[in-house]
Amino acid sequence: MSAHSTAGTTADDIDVQAFFTQRRPSRDARRADGVQRRRSVPLESHAELPGPDDREDPLTLLKAQESSREPALVPLRYARMATDPFAFLRGSAAVMAADLSKTASSGISVQLCGDAHLANFGMFASAERSLVFDLNDFDETHPGPFEWDVKRLAASFAVAARNNGFKDKHATRAARAAVTAYRVTMADLAEMPTLRVWFAELDVDLLVERLRKTALRQATVKAGSKARRSTGDAAVLKLTETVDGQRRFRTDPPLLVPVPPAEFDATVESLAHTYGQYLQTLPPDRIALLMRYSFVDIAHKVVGVGSVGTRALVLLLESGDGDPMLLQVKQANASVLEPYLGASRFDNAGKRVVVGQRVLQTTGDPFLGWTRGGKKAPYDFYVRQLKDMKGSIEPTLLDQEALGVYAQLCGATLARAHARAGDASAISGYLGTSDEFDSAVAEFAMAYADITEHDHGLLTQAIVER
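Each value, and the rule that gives it
- Residues numbered from 1 in each chain as written.
- Predicted model: local features only at pLDDT ≥ 70, side-chain atom pairs only at ≥ 80, totals over all residues.
- Heavy atoms only, no water.
- Helix = DSSP H or I, 4+ residues; strand = E, 2+ residues; numbered from the N terminus.
- Buried < 20%, exposed > 50% of the residue type's maximum accessible area, 1.4 Å probe, protein only.
- Contact = heavy atoms within 4.5 Å.
- Areas by Shrake-Rupley, 256 points an atom, 1.4 Å probe, with all protein chains shown as cover.
- Core = buried A, V, L, I, M, F, W, Y, C linked by side-chain atoms within 4.5 Å.
- Axes fitted to C-alpha atoms, helices over the stretch in contact; angles between N-to-C directions.
- Parallel < 35°, antiparallel > 145°, perpendicular 65-115°, else oblique.
- Left-handed = near helix turned anticlockwise from the far one by under 90°.
- Nonpolar A, V, L, I, M, F, W, Y, C, P; charged D, E, K, R; others polar.
- Phe/Tyr/Trp six-rings, centres within 6.5 Å; stacked < 30°, edge-to-face > 60°.
- Lys NZ or Arg CZ within 6 Å of the ring centre and 35° of its normal.
- Pairing = 2+ DSSP bridges.
- Salt bridge = Lys/Arg side-chain N within 4 Å of Asp/Glu carboxyl O.
- Arc of directions from axis to C-beta.

Novice: Explanation requested: the overall build of the protein chain in the structure shown.
Specialist: Scanning the protein chain for helices and strands turns up 19 helices and 13 strands. The burial tally for the protein chain puts 53% of its 466 residues in the buried class. A sequence separation of at least 24 residues applies to 79% of the contacts in the protein chain between residues at least 6 apart. Working note: accessible area of the protein chain is about 21,100 Å², and carbon and sulfur atoms make up 52% of it.

So this is what it looks like as C-alpha cells:
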C-alpha cells in the first residue's frame, strides 16, 4: 500500500524538522508515480471479481457482526436488509469488503469512505447554514485503495437501476456515468491549487441551478426543501412530547425507547463521565456553546439499515431559556475494511470515524466528537447533532435519465473527497485519459449486481427457514 493518504496523522507521528523542511514531490512526479502503477496493475484488471469458490460465505460474514449488536434488534436488521437487493447492498458492507480484498489493487491509498453507496450521499447544513451536498456516512472509513469506494459506488447504481426495473443497458450506463465523472473530476482536481481543492464544496442552490434542464432537478428541489425542514427543531417535535411541563422523549418501540425511570439516575451518572470525555474532543468554542445547555432526557434510537442493532442514543439538551437540541451518541465498531487493510491507528473507533469524516467532508457538524462508554456499555462512540438540515435524494423516484445524472454528481463528489484525503495527481496519473477504467468498473458493477441479488436471495431464504 502506498503512502498517498496522510489522513489521521498526528503531531506525535511527525518528525517535525523533516516535516517542516522536506520538499514535497511535484504534481508531475506524483502523476508519474500513478502512471507507473498503471503499468503494474492494468486498468482492465478492475473488471475482475473473486470466483464463487474464493468468496467467503456472505451470511457467515453478517452473522459475525451480531456480537457487537443488541441481540433483540438483529432480526430487525435482517428484515430491513431483506426488503430488496439494494437494501441488502446497503447493509452488507462487510461482505463487499471481503470481495474487494480479492480484487486487483492500484496501491494508491486514500481515506476511504468505506461505504460509498449512492444512499450515503446527501445534503446537510454547513457551518454558515447553507445547504451542501457531500458524503454523509463514515462508519466504515479507513485508509485503502481509492478504487474500493469507486467500485462500491458503481455497484450501488447498477443494483438501484435494476431495483427500479431498468434494463441492464441503463444500469450499465448509470454505473459507468459515476466512474466517468470520478475520473474526469479527478483530472480537473489534479490541476487545481492545493487550497482550492481542500475547500471545494457543492452548494445545493447552485446544484439546482445547474440541473434546471434535467430530470433530476425536481428530485433535488424536493430533497432540498425537505432538508431545510429537517432541522433540530423539527426532530425535537417529532421525537419528544411535553409531560407535566417537562419535555421528554416519546415511546415508540423498538425505534425509540426512553431509558426506564428505574434506570434513569444510574444511566445519567454513567453518562456524565462519557459526556465529559466527549467534551475533551471538541475545540473550546464548541464547549462554550454546549455550556449553555444542560441534559434533560435520553433514549435508545434505531438508525439506518446496516447500523441496526448498534447502540445509538439520543440526548435531549435544553438551554437555560428552554431552547432544545438533540445529540446522537452512536456506537462505532472496527471498520469492516480493517481485516483486509490493517487495524486502525486509533485506539477509539469513534475517533477513527470522526477523523475520517473531517478529512473527507469540506464542511461538517460542529458538534462532531468521540467518546467511550462506561462499565455497562464499554463501547466506542461518536457524537453528532441529530437532524441538522439533513436530506437525501430517493433513488426509487428517479427515472433513467435522472439516475444517470445523479451518478455523475455522486462520482464527482467522491472524487472531490478523495482529492482531499489522498493525491489527485497520483490517482489521475493512474486512471489516464482513456475510458478503460470506466468500462472495467462498469463491468465489475454489473457482475456485482448479480452477486448482490444472489446473496439477497440467500438471506431471504434463511429468514424463511428460521
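Let us keep going from here.
Novice: Please clarify how the environment of methionine 192 should be interpreted in this entry.
Specialist: Structurally, methionine 192 can be placed in the loop between α8 (168-190) and α9 (194-199). Taking C-alpha positions, methionine 192 is 9.5 Å from alanine 424, a pair spaced 232 residues apart along the chain. Each residue touching methionine 192, except ones within four places of it in the same chain, is listed here: Arg27 and Val197.

Novice: Please explain the environment of leucine 386 as it appears in this structure.
Specialist: With respect to the secondary-structure elements, leucine 386 resides in the loop between β13 (380-385) and α17 (400-421). Take leucine 386: its relative accessible area is 7%, and that puts it in the buried class.

Novice: Help me understand the nonpolar core in this model?
Specialist: Nonpolar side chains in soluble globular proteins tend to end up buried together. By size, the foremost hydrophobic cluster in this structure holds 94 residues, and its most contacted members are Phe146, Phe157, Tyr182 and Tyr406. Sequence-distant contacts of tyrosine 182, defined by excluding residues within four places in its chain, comprise Phe146, Val150, Gly411, Ala412, Leu414, Ala415, His418, Ile427 and Leu431. With 15 residues, the next largest nonpolar core counts Leu282, Ile298, Phe367 and Phe381 among its residues.

Novice: Hey, could you run me through the packing of α8 against helix α19 (residues 436-465) in this one?
Specialist: The description of two packed helices rests on the angle between their axes and on the distance between the axes. α19 packs onto α8 with a crossing angle of 135 degrees between their chain directions and a minimal axis gap of 8 Å. Considering the angle they form, α8 stands oblique to α19. Note that α8 runs across α19; the crossing there is right-handed. In contact with Asp168, Ala171, Thr172, Ala175, Arg176, Val179, Thr180 and Arg183 of α8, α19 contributes Phe437, Asp438, Ser439, Val441, Ala442, Ala445 and Met446. Residue composition of the contact of α8 with α19, grouped by class: eight nonpolar, three polar and four charged.

Novice: Help me out: how do you make sense of the packing of aromatic side chains in this one?
Specialist: We describe a pair of aromatic rings using the distance from one ring centre to the other and the angle between the two ring planes. With the rule as written, the count across this model stands at nine aromatic pairs. Taking the centre distance of 5.7 Å and the plane angle of 15 degrees together, the rings of phenylalanine 444 and tyrosine 448 count as stacked. Taken as a pair, phenylalanine 444 and tyrosine 448 lie in helix α19 at a separation of four residues, close to a single helical turn. Accessibility classification places phenylalanine 444 together with tyrosine 448 in one group, the buried group. The aromatic ring of phenylalanine 444 is capped on one face by lysine 151, whose charged end is 5.2 Å from the ring centroid. When the ring centre of tryptophan 198 is taken as origin, the NZ or CZ atom of arginine 420, which lies over that ring, is 3.7 Å away.

Novice: Help me understand the sheet that holds strand β8 (residues 256-258) in this model?
Specialist: Two modes of strand pairing occur in sheets, parallel and antiparallel, and in both the strands are linked by backbone hydrogen bonds. Strand order in the open sheet formed by six strands is β8-β9-β10-β11-β13-β12, with antiparallel pairing between adjacent strands. What marks the edges here is a single partner per strand, and that holds for β8 and β12 (369-372). The sheet shows a mean angle of 35 degrees between the axes of neighbouring strands, direction not considered. Here strand β10 (residues 312-319) runs beside strand β11 (residues 324-332); their pairing, made up of seven bridges, is antiparallel. Pairing of leucine 313 across the sheet is with valine 329, part of β11.

Novice: Would you take a moment to explain the pattern of salt bridges for this structure?
Specialist: Oppositely charged side chains may form a pair once their charged atoms are brought near each other. Applying the stated criterion to the full structure yields 22 salt bridges. With its nearest N and O atoms 2.8 Å apart, the salt bridge here joins aspartate 435 to arginine 176. Within this pair, whereas aspartate 435 is found in the loop between α18 (424-431) and α19, its partner arginine 176 is found in helix α8, the two being separated by 259 residues in sequence. Since its relative accessible area comes to 39%, aspartate 435 is described here as partly exposed. In this structure arginine 176 comes out as partly exposed when scored by relative accessible area, which is 27%. Look at the salt bridges and you will find they share partners, linking Arg162, Asp168, Asp450 and Glu453 into a network.

Novice: Quick question: what am I supposed to make of unusual backbone geometry here?
Specialist: Of all residues except glycine, most have a negative phi; of all peptide bonds, most are trans. The linkage connecting proline 253 with the following residue, proline 254, adopts the cis geometry, with an omega of 0 degrees. The phi dihedral of aspartate 244 falls on the positive side, at around 50 degrees, and the residue is not glycine. Examined against the element boundaries, aspartate 244 turns out to sit in the loop between β6 (240-243) and β7 (246-249). Accessibility expressed as a relative area gives 77% for aspartate 244, which makes it exposed.

Novice: Can you walk me through the pairing of β10 in this structure?
Specialist: Consecutive side chains of a regular strand alternate in pointing toward one face of the sheet and then the other. Burial analysis of β10 places eight of its eight residues in the buried class, the great majority of the element. Where strand β9 (residues 293-301) and β10 come together, seven bridges link them in antiparallel fashion. When the sheet's bridge partners are listed, histidine 300 is paired in β10 with leucine 313. If you look at the hairpin formed by β10 and β11, you'll find four residues sitting between the two strands, and glycine 322 has a positive phi there, around 85 degrees.

Novice: Explain helix α4 (residues 74-81) here, please?
Specialist: Spacing of three or four residues puts side chains on the same side of an α-helix, whose turn is 3.6 residues. Along α4, the residues classified as buried are Val74, Arg77, Tyr78 and Met81. End-on, the buried residues of α4 take up no more than an arc of 95 degrees, which puts them together on one face. Packing partners of the buried residues in α4 comprise α3 (58-64), α5 (85-91) and α19.

Novice: Can you help me understand the environment of alanine 442 in this one?
Specialist: Along the chain, alanine 442 falls in helix α19. The buried category is assigned to alanine 442, whose relative accessible area is 2%. With residues up to four places along the chain from it excluded, the contact list for alanine 442 reads Thr172, Ala175 and Arg176.

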